[in-house]
Structure formats: structure tokens, C-alpha cells
Amino acid sequence: GNIRNSLTEEEEKCRRVRFEIEEVGEQQQAAVESGEMSETESLYYRIITMQEALADLTTKKFEIVDDVTDDIFTQPLRKVHEVHSTANTIIHKILQEKESL
């Protein structure tokens, strides 16, 4: 549930930023059509800033997935590997002792 909530929050932020980018893009188009070049340029930079924010939010979503993957997959798998390795060592010692008898 926690990953879903975290990702849902980030996706909602992304959705809002995409919507804002679309709105500012329409404002920019109107400025272009009316020949307001300084306004067009200003809106262009605003769009770039929002796109950078969107990229950061997307990166954050990947970080959430990476963190959860580590918690629910990598860490437990590491523990399984440790137990397996320990068991193999014990079995190897037992077999060596048996051979030397």
C-alpha cells in the first residue's frame, strides 16, 4: 500500500505539472499569434522550468520504486544467499569430516 500511495502522490503532482505546461503552452501560442515576443519568450522559459520539475518528479518516482525494490526484494534475497552460503559451508565441512573417517 505504501508504494502505491507514494507513487500516486507523485503521479498526481506530475499530472498537475503536465496540465500547467499545457495551459502555459496555450498562453504562449496566443502570445505568438498576437506578436508579443517578450511574453512568448517569458512563457517559453516558464515551460522549460516546469518540464525540469516534471523530470525531477519522474526521477523521484523511480527512486521510490528503487527503494521499495531494495526493501522487498534485494535485502531478503541477500539474506537467502547468506543462509544458503552458510548451509553450503556446513555441508562441505560435514562431507570433509566424513571422507577423513
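Coordinates for the structure precede this section.
Worth saying up front: this structure is predicted, and the values here are computed from it rather than measured. (Residues numbered from 1 in each chain as written. Predicted model: local features only at pLDDT ≥ 70, side-chain atom pairs only at ≥ 80, totals over all residues. Heavy atoms only, no water.)

### Side note on the side chain of Gln28
Here Gln28 is to be found in helix H1 (residues 2–33). The class of Gln28 is buried, set by a relative accessible area of 17%. Excluding its chain neighbours within four sequence positions, the residues that come into contact with Gln28 are Thr40, Leu43, Tyr44 and Ile47. (Helix = DSSP H or I, 4+ residues; strand = E, 2+ residues; numbered from the N terminus. Buried < 20%, exposed > 50% of the residue type's maximum accessible area, 1.4 Å probe, protein only. Contact = heavy atoms within 4.5 Å.)

### Topic: H1
Count 3.6 residues to each turn of an α-helix, and residues three or four apart come out pointing the same way. Helix length check: H1, at 32 residues, gives a terminal C-alpha distance of 47 Å against a target of 46 Å (1.5 Å per residue), a fit within 8%. Among all positions in H1, only Glu10, Cys14, Val17, Ile21, Val24, Gln28 and Ala31 are buried. Against the buried residues of H1 lie helix H2 (37–100). (Expected span 1.5 Å × (residues − 1).)

### Considerations on H2
Here H2 contains 64 residues, and its C-alpha end-to-end distance of 90 Å stays within 8% of the 94 Å for a straight helix at 1.5 Å per residue. Taken as a whole, H2 carries its principal kink of about 40° at Asp70. Turning to H2, its buried residues are Thr40, Leu43, Ile47, Met50, Leu54, Leu57 and Ile64. Buried residues belonging to H2 abut H1. (Bend = angle between axes of the 7 residues up to and from the residue.)

### A word on the packing of H1 against H2
Where H1 contacts H2, the two axes come as close as 9 Å, and the packing angle between them is 165°. Classified by the interaxial angle, the pair formed by H1 and H2 is roughly antiparallel. The handedness of the crossing between H1 and H2 comes out as left-handed. Tallied by class, residues from the contact of H1 with H2 come to 17 nonpolar, seven polar and nine charged. (Axes fitted to C-alpha atoms, helices over the stretch in contact; angles between N-to-C directions. Parallel < 35°, antiparallel > 145°, perpendicular 65-115°, else oblique. Left-handed = near helix turned anticlockwise from the far one by under 90°. Nonpolar A, V, L, I, M, F, W, Y, C, P; charged D, E, K, R; others polar.)

### Let's talk about the pattern of salt bridges
Counted under the stated rule, the structure contains six salt bridges. The shortest N-O distance in the salt bridge between Glu12 and Arg15 comes to 2.7 Å. With a gap of three residues between them, Glu12 and Arg15 both fall in helix H1, about one helical turn apart. The partly exposed category is assigned to Glu12, whose relative accessible area is 30%. Residue Arg15 is classed as partly exposed on the basis of its relative accessible area of 44%. The partner of Arg46 in a salt bridge is Glu20, and the shortest N-O contact between them spans 3.6 Å. Residue Arg46 is found in helix H2, and its partner Glu20 is found in helix H1; the two are separated by 26 residues along the sequence. (Salt bridge = Lys/Arg side-chain N within 4 Å of Asp/Glu carboxyl O.)

### Remarks on the nonpolar core
Of all hydrophobic cores here, the largest spans 10 residues; its members are Cys14, Val17, Ile21, Val24, Ala31, Leu43, Ile47, Met50, Leu54 and Leu57. Contributing elements (two or more residues each) for this core: H1 and H2. The contacts of Ala31, once residues within four sequence positions are left out, are Glu36, Glu39, Thr40 and Leu43. (Core = buried A, V, L, I, M, F, W, Y, C linked by side-chain atoms within 4.5 Å.)

Shape is all these values report; function is a separate question.
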